[in-house]
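Coordinates in review
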Amino acid sequence: MMPTHYALSDAAILLVTMFAGHALWRNIKALPAFAMACFGIAAGIGVVRFGGGLQDALADLHAGASQLLGLAGALAVVLHYLFPPKDRYGIGIIALILSAATAIFFFAQPLLGPLFVLALAIACVVSIVRSSLSQPKWLVPVACAVMLANTLFIRRAAWMDEAVSWHAYHLIIALALAALAKGLMPIEQRES
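1. A word on empty space enclosed by the protein
For the structure shown, the criterion picks out two cavities of 30 Å³ or more. For the largest cavity, the calculated volume is near 50 Å³. The wall of the largest cavity is formed by F39, G73, A74, V77, L120, A123, C144, M147 and L180. Elements with a minimum of two residues in the lining of the largest cavity: α3 (59–82), α5 (112–129) and α6 (139–153). A per-element tally of the lining of the largest cavity places α3 first, with three residues.

2. Description of the environment of H5
Its location among the elements puts H5 in the segment before α1 (6–26). By relative accessible area, H5 is classed as partly exposed at 34%. Residues H5 and A158, 153 residues apart in the sequence, show an inter-C-alpha distance of 20 Å. In contact with H5, not counting residues within four places along its chain, are A163 and H167. Within the structure, the side chain of H5 is placed 2.8 Å from the side chain of H167, a separation counted as a polar contact.

3. Points about unusual backbone geometry
One non-glycine residue, I28, lies in positive phi territory at about 55°. Structurally, I28 can be placed in the loop between α1 and α2 (30–51).

4. Re the packing of α1 against helix α7 (residues 162–184)
Two numbers describe how α1 lies on α7: the axes approach to 8 Å, and their chain directions differ by 10°. When the axis of α1 is compared with that of α7, the two are roughly parallel. Facing α1, whose interface residues are Y6, S9, D10, A12, I13, V16, T17, A20 and L24, α7 presents E162, A163, W166, H167, H170, L171, I173, A174, L177, A178, A181 and L184. Considered class by class, the residues forming the contact of α1 with α7 number 15 nonpolar, four polar and two charged.

Rules used in this analysis
- Per chain, the residues get numbers from 1 upward, laid out in the order the sequence is written.
- The model is predicted, so local features are restricted to residues of pLDDT at least 70 and side-chain atom pairs to those at 80 or more, both for listing and for counting; the totals for chains, interfaces and linings are taken over all residues.
- Note: side-chain values were computed over all heavy atoms of the structure, leaving out hydrogens and water.
- Definitions used throughout: a 1 Å grid over protein atoms alone; a cavity as a set of points that fits a 1.4 Å probe which cannot get out; a pocket as an open set with protein on both sides within 12 Å along at least five of seven lines; a lining residue as one with an atom within 4 Å of a point.
- Grid points are joined across faces, edges and corners, and a volume is the space filled by probe spheres set on the points.
- Working definition: helices are DSSP H or I runs of at least four residues, strands are E runs of at least two. Numbering for both runs from the N terminus.
- Residue exposure (1.4 Å probe, protein chains only): buried if accessible area is under 20% of the type maximum, exposed if over 50%, otherwise partly exposed.
- Two residues qualify as a contact provided that any one of their heavy atoms is within 4.5 Å of a heavy atom in the partner residue.
- Polar contacts here mean pairs of N or O atoms no more than 3.5 Å apart (in protein, one a potential hydrogen donor and the other a potential acceptor; neighbouring residues in sequence count only if both atoms are side-chain atoms).
- Lines fitted to C-alpha atoms define the axes, with helix axes restricted to the stretch in contact, and inter-axis angles between N-to-C directions lie between 0 and 180 degrees.
- Orientation is classified from the angle alone, with under 35 degrees giving roughly parallel, over 145 giving roughly antiparallel, 65 to 115 giving roughly perpendicular, and any other angle giving oblique.
- Residues were grouped as follows: Ala, Val, Leu, Ile, Met, Phe, Trp, Tyr, Cys and Pro as nonpolar; Asp, Glu, Lys and Arg as charged; and all remaining residues, including Gly, as polar.

The following block contains the structure:
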């Protein structure tokens, strides 16, 4: 049984995604706001799982939500650059993302991890090629690259203690999501 302190690093992700998602939504960035909601929901389940002493009861839900919603969140970032919605909603794109991620989760589960990694790699490249009027142009590709490296090298790293690996992985995700959100925010117009 995993100790209660495992909830702390999930709580960091939850807090970042709550503030970042709200700010992105207010700035008409529907797909990145949806991505933050995906990561935040998965982290929220982790907070309840560990903070509420429900480690075994919510283990499958937490793992499944992290995989399904992680893929959906990564796809939302990619599609933000490829097919940016013209308004705040982008409901059609969000529905397609959720449908695709759910279908992959139920019918091609071994593809979840590789597709998540591929989506992060594509997001990194596309955010460079199709940069927009946002904060420093390097924030989004660096955030995606950090999440990619974190997934490949920190998550369940054999060379780290399990608790250290868990917390490092989640805290790096929280920092990367904060950088991603900052990088997607429009540049504030200065009055002359």
